[in-house]
Amino acid sequence: MNAAACPEDALVRARRGALTDDEARVLEVHLAACATCRMSAALGRTVGPLPAPDDEDEALARRLVARQLDDVPPAARGRVVALPARARRWRPRTLALAASLLLVASAASAAYWTAHVKAARRAAVERAAWTPPPARRSAPAATAIERAPAPVPVIDDEPVAAPSPAVRAPARAPRTAALGPEALLRDANEARRARRTDEAARGYRALQARFPASREAVLSHLSLGNLLLSQGAAAEGLVHFDAYLHSDGELAEEALLGKARALAALGRPGDERAVWRTLQERFPRSEYAWRARQRLRELDRGAAP
Amino acid sequence: MGIALTRAAPLEDADSSDELRPLVAPARAGDRAAMRALLAAVAPVVARATRRVLGRAHPDVEDVAQQALAGFVERLDTFRAESSVKHFAERIAVYRALTARRDAQVRLRHLTPDLPVEELELPDVPPAHDVALAGRDLRELLIEALEALSAPQAEALALHFLFDHTIAEIAGMMGTPEETVRSRLRLGKQSLRARIMRDPRMAALREGLS
């Protein structure tokens, strides 16, 4: 079989389920004679379908945009420069080039940053809160985010499962005893990304117990809330979303989203409706506003989550 | 023949009509609202593409995706509308993610210069009869195998296998003639096939190849 004549697009369209019967028969004949295309078909099955974006994709996308906009001055004031990531640190030439360009861009956009210092500080806090590599840490966060969160839920009349004993008095592993809040958050986040969920939850709880007023502890309520919600522990997750919201943190949109999802999982449509409306009122331009509208329509129709 | 080809998931992001294209010129000109809207639309594509290539739990996903989004902004001036805006962003993300994987391999070689290259490429290969890899592991092996190819071949194969793009779509995304893409796919598949035949961990993919 002449590999140059292989029907690459037919293989793609077959994976998409878009072949007609006639096209499928032609492809079958080709596959019978072409080992390379049989391999392609096998590889296609192995790779599996491209998954639809999930909550993690959306959350990641939101963080990416927030950080990128912080790096995007108006075009007239200079070019945007990609910060060197960990993956490229070992390349001195790349690093030097990036540093030089960053310097030029920084000088060109000084007026912009001066005029927008408040917004920049807010974004820097957000950036530091979400991914805190030491080299990119911002200045101390705003007062509001350092406020210690309340330990109890605040909006509901219905009983909510009490926080687990670990929330009140977490076990402290010897290794974490000497770690500061940054390291505890980093380790817990790494454990969460590696799907070591129990270890991640222990880390967040240790952080909250040992440094309750730190911004890392405040942020960890949101991370732990999402983690617990993903494990089906909606009631306990709700406690942490409320704790985060009480701290008036910068990521209240995400906390309201998590809280609404937790209430949906708990089958409390009245409270869930109130949270979606709060999200709409406080953040009318939120990227989650469409979800709020959609879910409120579903609730009006009496739909289950 | 008995080879099932159809996947369960529906086709996404075909982008025959590109509603994002009108945002490109104002975003280039410094309109922050346009840039914000553009980034909000392409960031999920970038996030998904990065995670698709690196793996969902890879510790560098966030850094690499951020690099890719920054790369999208940097290269917006070069956008020629040969593909959709989302495909343009996706291609950048795939390229960055593949580069990150390749860089990690090179870094490993720098850190362990005494280790033979073949051991780095095929670490701890057990006998085939001891290997029972799940689909996810096979997928990871496949992506690992792409690292051994030339960058253009790896990119074309990734867009073809991981993202189900046609030759015309890949040509538009990479800004190359369709015949060039076809050639890269053909040569890349030959290399992959050789890899599959010699790597016992990929034995499950050998059915019908000989």
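Residues numbered from 1 in each chain as written. Chains lettered and ligands numbered in written order. Predicted model: local features only at pLDDT ≥ 70, side-chain atom pairs only at ≥ 80, totals over all residues. Heavy atoms only, no water.

S.K.: Quick rundown of the packing of helix 1 (residues 21-28) of chain B against helix 2 (residues 32-54) of chain B? Include the residues and the values.
M.R.: Residue and element names in this part refer to chain B. With their axes 8 Å apart at the nearest point, helix 1 and helix 2 run at an angle of 135° to one another. It follows from the interaxial angle that helix 1 and helix 2 lie oblique. Helix 2 is crossed by helix 1, and the crossing has left-handed handedness. Contacts from Leu23, Val24, Pro26 and Ala27 in helix 1 reach Ala34, Met35, Ala37 and Leu38 in helix 2. Here the residues of the contact of helix 1 with helix 2 sort into 8 nonpolar, no polar and no charged. (Axes fitted to C-alpha atoms, helices over the stretch in contact; angles between N-to-C directions. Helix = DSSP H or I, 4+ residues; strand = E, 2+ residues; numbered from the N terminus. Parallel < 35°, antiparallel > 145°, perpendicular 65-115°, else oblique. Left-handed = near helix turned anticlockwise from the far one by under 90°. Contact = heavy atoms within 4.5 Å. Nonpolar A, V, L, I, M, F, W, Y, C, P; charged D, E, K, R; others polar.)

S.K.: So what's going on with the packing of aromatic side chains? Which residues, and what values?
M.R.: Residues and elements named next belong to chain B. Enumeration according to the criterion identifies 2 aromatic pairs over all chains in this entry. Relative to phenylalanine 88, the ring of phenylalanine 79 has its centre 5.0 Å away and its plane inclined at 65°; by these criteria the two rings are edge-to-face. Judged by relative accessible area, which is 7%, phenylalanine 79 ranks as buried. Looking at phenylalanine 88, the relative accessible area reads 9%, which means it is buried. Members of the aromatic cluster, connected to one another through ring pairs, are Phe72, Phe79 and Phe88. (Phe/Tyr/Trp six-rings, centres within 6.5 Å; stacked < 30°, edge-to-face > 60°. Buried < 20%, exposed > 50% of the residue type's maximum accessible area, 1.4 Å probe, protein only.)

S.K.: Can you break down the pattern of salt bridges residue by residue, with the values?
M.R.: All names here are of chain A. Under the defined criterion, the tally for this structure stands at 27 salt bridges over all chains. The partner of glutamate 23 in a salt bridge is arginine 13, and the shortest N-O contact between them spans 3.2 Å. Of the two residues, glutamate 23 is situated in helix 2 (residues 21-33) and arginine 13 in helix 1 (residues 8-15); the sequence distance between them amounts to 10 residues. For arginine 13, a relative accessible area of 27% corresponds to the partly exposed category. (Salt bridge = Lys/Arg side-chain N within 4 Å of Asp/Glu carboxyl O.)

S.K.: I'd like a rundown of helix 11 (residues 197-210) of chain A, residues and numbers included.
M.R.: Because each turn of an α-helix spans 3.6 residues, side chains separated by three or four positions end up pointing in the same direction. For helix 11 of chain A, built from 14 residues, the straight-helix expectation of 20 Å at 1.5 Å per residue is met to within 8% by its first-to-last C-alpha distance of 20 Å. Turning to helix 11 of chain A, its buried residues number three or more, namely Ala200(A), Ala201(A), Gly203(A), Tyr204(A), Arg205(A), Ala206(A), Leu207(A), Gln208(A) and Arg210(A). (Expected span 1.5 Å × (residues − 1).)

S.K.: Quick one: what's the story with helix 2 of chain A, residue by residue and with numbers?
M.R.: Residues and elements named next belong to chain A. Here helix 2 contains 13 residues, and its C-alpha end-to-end distance of 19 Å stays within 8% of the 18 Å for a straight helix at 1.5 Å per residue. Within helix 2, the full set of buried residues consists of Leu27, His30 and Leu31. One face of helix 2 carries all of its buried residues, which in axial projection span an arc of 100°. Those residues of helix 2 that are exposed and aimed more than 90 degrees away from the buried face are Asp21, Arg25, Val26 and Val29. Buried residues belonging to helix 2 abut helix 1 and helix 3 (35-47). (Arc of directions from axis to C-beta.)

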